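Tertiary structure, described
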Amino acid sequence: MATSSSAIIRRNCRFAIVGGGIAGVTCAEQLVVECPEEQVLLISATPVIKAVRNVRKITRTLESFDVEEKPSTQLEHECPNVQVIHALVTKLDAQHHKLFLSDGSVVMYTKLCICTGGRPKLITKGNPYVLGIRDTETVKLFQERLGSSKRIVVVGNGGIAIELVYEIENCQVIWAIKHNSIGSTFFDAGAAEFFLPQLQSDTSAENKPLKRTKYTVYDVTKKQKSCDAVGGALGPDWATDVVMKGKAEHIHDIHVEHRCEVEAILTPDELLEQKLTPEGLVLKLGSFDGSWPVYVKLTNGKVYGCDFVVSATGVVPNVESFLPGNQFELSEDGGMSVNDQLQTSLPDVYAAGDVCTCTWTPAEHWFQMKLWTQGKQMGHYAARCMASHFRGELAVLDFCFELFAHVTRFFGYKVVLLGLYNAQGLGRDYEILVRVTKGKEYVKVILKDGRMMGAVLIGDTDLEETFENLILNQMDLSAYGEELLNPNIDIEDYFD
Ligand SMILES: Cc1cc2nc3c(=O)[nH]c(=O)nc-3n(C[C@H](O)[C@H](O)[C@H](O)COP(=O)(O)OP(=O)(O)OC[C@H]3O[C@@H](n4cnc5c(N)ncnc54)[C@H](O)[C@@H]3O)c2cc1C
Ligand SMILES: NC(=O)C1=CN([C@@H]2O[C@H](COP(=O)(O)OP(=O)(O)OC[C@H]3O[C@@H](n4cnc5c(N)ncnc54)[C@H](OP(=O)(O)O)[C@@H]3O)[C@@H](O)[C@H]2O)C=CC1
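Residues numbered from 1 in each chain as written. Chains lettered and ligands numbered in written order. Predicted model: local features only at pLDDT ≥ 70, side-chain atom pairs only at ≥ 80, totals over all residues. Heavy atoms only, no water.

Identification of the protein as Pyridine nucleotide-disulfide oxidoreductase domain-containing protein 1 from Limulus polyphemus is taken from an unreviewed UniProt entry. The heading Cofactor (unreviewed entry) in the UniProt record of the protein holds the text "FAD". Per its UniProt entry, the protein bears the Sequence similarities (unreviewed entry) comment "Belongs to the class-I pyridine nucleotide-disulfide oxidoreductase family. PYROXD1 subfamily." (UniProt positions renumbered as here; feature names shortened; annotations may be inferred.)

Written as structure tokens, this is what we have:
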């Protein structure tokens with residue numbers, strides 16, 4: 001409800017949420033279920049919000065879903081006690097439960113959830129030749145630049161880099177990674193080897209496996225853009241519909257530089273001044289006049305000329321608007337620390353999604369990762385916590401925080417990650433079992449003291465449900481040895 005005193009608009013609500021990404025919207029939708037009689041105010045810097053649809057339950061903890069961008073009015077229509085305000089939060093006075101918005105209004109809340117996500121952590125600030133990818137706007141900029149490019153350098157070895165190198169066509173890609181093998185955030189050297197042919201092959205549109213469209217964009221960006229904040233992060237299969245074509249002749253041309261970082265980004269003049277010689281890599285670029293707008297010097301001493309650089313080097317939480325005047329406890333990665341009730345260090349302020357860092361002692365096979373799935377799970381759980389505390393109760397930690405579970409697609413393959421899939425936190429004290437069928441599937445299991453701790457399943461293995469159970473029930477598998485991955489044994493029947 002809005003009340004006005006002098007020129008300032010004041011709005012009072014029981015629950016306020018900042019951020020129209022997946023965490024904020026899921027939180028709003030769930031608050032409507034928990035407290036249908038209370039007013040929920042969602043403040044979104046962008047006029048479109050992100051919502052989950054078509055949730056498909058794969059196992060108890062694994063689900064896949066589509067994501068749609070929709071106008072905020074649609075959410076208001078679907079959830080009548082939710083009001084969406086299109087504005088930027090410029091300041092928080094947590095002590096007095098007040099939010100100050102860019103439209104000059106003030107929101108008084110009883111409980112607040114901050115879901116402002118993150119933004120790309122770029123290798124360098126303010127360099128026009130270095131781009132990050134986060135939202136629809138940044139993708140458009142990337143597409144435009146790529147359209148007139150013959151070579152780009154991609155820095156980083158995580159989700160975005162993997163998707164880019166697979167999708168980009170007609171542009172040579174120099175992929176600079178810190179690690180020994182590609183894609184190390186999501187898989188090990190064995191899986192990287194499995195994927196290697198996909199990097200070398202001609203993966204032009206006709207040769208790629210057909211993909212379903214899972215990401216729906218409601219395009220209002222041209223019509224209205226009034227705030228400076230980044231839009232909500234992209235999500236599952238964002239790359240499917242995005243044309244990523246450069247102007248070189250060869251369709252797919254990737255060169256990986258291992259074990260290196262970017263030391264400097266140089267202009268052509270700086271290259272000359274420093275008397276550096278760019279790599280004489282054999283290029284399949286068609287006509288080329290020999291000079292580049294920018295040069296990248298790597299820590300391995302090599303220098304590459306390129307049209308621009310993509311810094312796919314992770315995200316930093318969007319916390320700046322909330323810090324002045326408030327004593328939030330921040331974690332090492334800059335995220336707002338939250339406890340197992342998703343409470344920050346300040347009373348009545350919660351946080352969910354990419355903006356927060358979980359500081360409770362996690363279940364043995366769960367850890368936080370800045371993913372769409374976890375944004376949804378945390379948004380949902382934050383609503384339950386806010387509603388429970390409002391009623392004077394404690395919330396019970398949701399089951400989804402028992403086991404890390406992520407399903408995605410890389411290089412055209414279904415990829416399922418369960419538990420400590422990369423032996424996270426196990427030191428050297430574990431065993432690995434691997435089964436590979438070239439071009440078809442890659443199955444890796446992490447065992448400790450005979451118990452399954454995690455698994456990577458690439459391809460249509462149909463093993464996710466059985467392995468999820470084996471990780472959750474911690475059955476002693478020592479007696480089975482390598483038989484566990486014997487393709488001639490129907491493992492489902494075995495453990496029923
Ligand atoms: C290119 C790309 C591909 C990805 N692919 C996948 C994938 O395949 N699978 C997966 O699980 N995850 C994926 N992710 C990660 C996933 O998108 C994020 O983890 C998830 O979207 C985070 O949701 P969020 O709601 O916390 O934040 P966001 O989606 O970033 O939303 C934050 C919202 O807060 C708003 N905001 C920020 N500051 C303010 C302010 N001061 N006032 C008002 N509003 C504000 C923003 O405008 C935005 O609407 C991908 C990310 C990227 C960038
Ligand atoms: N299909 C999916 O599930 C997808 C998920 N995402 C998510 O979106 C978010 C953003 O993706 P992305 O940017 O790829 O982030 P990620 O966190 O996935 O990967 C970042 C990568 O950059 C490396 N890195 C960090 N700093 C530097 C540096 N200075 N120089 C060189 N390399 C560096 C990291 O290595 P190290 O870790 O060793 O520091 C890591 O390999 C992530 O949360 C990601 O999980 C994105 C796309 C697809």
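1. Concerning the sheet that holds strand S13 (residues 171-176)
Pairing within the open sheet is parallel, and its five strands lie in the order S11-S19-S12-S13-S15. Each edge of the sheet is formed by a strand with only one pairing partner; in this case those strands are strand S11 (130-131) and strand S15 (252-257). Pairing geometry for strand S12 (residues 151-155) and strand S19 (residues 308-311), over four bridges, is parallel. Counterpart to Val 154 in the pairing with S19 is Val 310. Docked against the sheet, helix H3 (residues 136-147) engages S11, S12, S13 and S19, running at close to 150° with respect to S19. Each of S12, S13, S15 and S19 touches helix H4 (residues 159-167); the most contacted strand, S13, lies at about 155° to it. (Pairing = 2+ DSSP bridges. Helix = DSSP H or I, 4+ residues; strand = E, 2+ residues; numbered from the N terminus. Contact = heavy atoms within 4.5 Å. Axes fitted to C-alpha atoms, helices over the stretch in contact; angles between N-to-C directions.)

2. Some thoughts on the packing of helix H1 (residues 22-34) against helix H7 (residues 372-390)
Here H1 crosses H7 at 35°, and the two axes come no closer than 7 Å. For H1 against H7, the interelement crossing comes out right-handed. Of the residues in H7, those touching H1 at Ile 22, Ala 23, Thr 26, Cys 27, Gln 30, Leu 31 and Glu 34 are Trp 372, Gly 375, Lys 376, Gly 379, His 380, Ala 382, Ala 383, Arg 384, Met 386 and Ala 387. For the contact of H1 with H7, the class distribution of residues is nine nonpolar, five polar and three charged. (Left-handed = near helix turned anticlockwise from the far one by under 90°. Nonpolar A, V, L, I, M, F, W, Y, C, P; charged D, E, K, R; others polar.)

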